[in-house]
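Topology and contacts: notes
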Amino acid sequence: MDLIRKIKNTVFNFQKFLKNKKFREEVKNEKSKKYLFAKNNSKVSFFDFYKNKKRWFSQIFKTVWDKWKKFRVHFILTWSTLIMLSLYIIFISPYFRISPSKVIIERLDTITDINIAYKWVESVYSSSIFLIDKEIVRKNMTAMQKNLKNIEISRLFPNWLKIILESYMPQFYTRFSWIDKWYIVTSNWVLIYEKNIDKKLYNLEIIDQNLIESGFFDYKEWVNEIDMKKIILLRDLFKNTFSNKNISKFVYFKLENEIHISLESGTNLIFELNNDLYKQMALLKFYNDTNKDILNSWEVFYIDIRITGKVFSCKDKNLCRKNLIRVYWDYYKQ
């Protein structure tokens, strides 16, 4: 019985829906006319939306402008005061100024002189931390110590300055007999006085009349960096080519632009610092291999391989020394 009753109710509701459909459509059309809604129920156009937004922003701007006109004097005074106070604190007050106790200098090597670095930094004391020009600091510190390769400067607010120094690597050491001092020679050819020389470095004697006449050697460049790179290249080439040959010292003749390598066997090797160092070293190796390792024989006083494709060797010690004295003067008299 319940099932039959449900079916009857369903049929009755459907008939009622059909009868009221026309009435509902008439009501909907009447409402659309009354409230100006389109029959297709379309959305508001973008232009209408833009006008509403523009009207909304205009209202906000008008409100802000009214407030500004009313309180502009107070606003200007407040912000002017804040700006002036900020400028005073940053540039005038001691809160952001560098003081001697607020400077930290560290070095990443043992040859950089911290005292010289601190002496120059005195020029930035009492300066505002905001006005420190890092490039000027680097330039002036490098002028005082030409061996400096990297200078890292950090501002530690409010008024600390941290500087980390790194030098070019030591490549040789040298000694000047007339002043009895030892110096380190860096890879950018700067001389640095050093009491405790690392004996792992090779001795490089410098034959330069200007250097002899100079009274001050520290932190000066005596040769351009290109020639220094060639000297280092020649050293490394010889060590790699003749790993079993013991080097006594290197001698650099600046005027002649030559490097002489003195071996512990008593042989002197004469190279020219040009772009043919690889060829000169290959020629020396060929000559040594075809002459039963003559570099270790103690029989040859010097071997000259400056001319491409030719080798000149001299065995008579007295005659050979006279030949070298005619070219290099007093150095080979000893």
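These figures come from a predicted structure and were not determined experimentally.

Turning to unusual backbone geometry, a few remarks are in order. In this structure, the amide linkage connecting F157 to the following residue, P158, adopts the cis form with an omega of 15°. Position of P158 among the secondary structure elements: in the loop between β2 (148–156) and β3 (160–167). Even without a glycine there, the phi angle at K292 is positive, about 55°. Its location among the elements puts K292 in the loop between α7 (277–290) and β11 (302–304). Accessibility expressed as a relative area gives 79% for K292, which makes it exposed. If you check the backbone angles, W298 has positive phi at about 65° while not being a glycine. With respect to the helices, strands and loops of the structure, W298 is situated in the loop between α7 and β11.

Read from one edge of the open sheet, nine strands run β6-β5-β4-β7-β8-β9-β10-β11-β12, paired in mixed fashion. Each end of this open sheet is capped by a strand with a single partner; those strands are β6 (191–193) and β12 (312–314). Each strand of the sheet is rotated relative to its neighbour by a mean of 25°, with strand direction disregarded. When strand β10 (residues 268–272) meets β11, the two strands line up parallel, connected through three bridges.

Another aspect to go through is the side chain of T267. Inspection of the secondary structure puts T267 in the loop between β9 (258–263) and β10. A relative accessible area of 1% places T267 in the buried class. T267 has contacts with I261, S262, L295, V300, F301 and I303, leaving out every residue within four places of it along the chain.

Attention now moves to the state of the cysteines. On inspection of all chains with the given rule, the structure shows one disulfide. Between the sulfur atoms of C314 and its disulfide partner C320 the distance amounts to 1.7 Å. Because the torsion about its S-S bond is -100°, the bridge between C314 and C320 counts as left-handed. Judged on exposure class, the residue C314 and its partner C320 are both buried.

Mapped onto the elements, T174 comes out in strand β4 (residues 170–176). C-alpha separation for the pair T174 and Y202, spaced 28 residues apart in sequence, amounts to 8.5 Å. Sequence-distant contacts of T174, that is, excluding residues within four places in its chain, are made with K181, W182, Y183, V185, L191, N203, L204, E205 and I206. Of note is the side chain of T174, whose polar atom sits 2.6 Å from the backbone oxygen of L204.

Moving on: the packing of helix α6 (residues 225–241) against α7. Running from N to C, α6 and α7 point in directions that differ by 25°, and their axes come no closer than 10 Å. As summarised for this structure, α6 and α7 are arranged roughly parallel, according to the angle between their axes. Considering only the axes of α6 and α7, their crossing is right-handed. Contact residues: α6 offers K230, L233, L234, L237, F238 and T241, while α7 offers L277, Y278, M281, L284 and K285. Its residues assigned to classes, the contact of α6 with α7 comprises eight nonpolar, one polar and two charged.

Cut-offs applied
Residues numbered from 1 in each chain as written. Predicted model: local features only at pLDDT ≥ 70, side-chain atom pairs only at ≥ 80, totals over all residues. Heavy atoms only, no water. Helix = DSSP H or I, 4+ residues; strand = E, 2+ residues; numbered from the N terminus. Buried < 20%, exposed > 50% of the residue type's maximum accessible area, 1.4 Å probe, protein only. Pairing = 2+ DSSP bridges. Axes fitted to C-alpha atoms, helices over the stretch in contact; angles between N-to-C directions. Contact = heavy atoms within 4.5 Å. Disulfide = S-S within 2.5 Å. Polar contact = N/O pair within 3.5 Å; in protein donor to acceptor, adjacent residues only side chain to side chain. Parallel < 35°, antiparallel > 145°, perpendicular 65-115°, else oblique. Left-handed = near helix turned anticlockwise from the far one by under 90°. Nonpolar A, V, L, I, M, F, W, Y, C, P; charged D, E, K, R; others polar.

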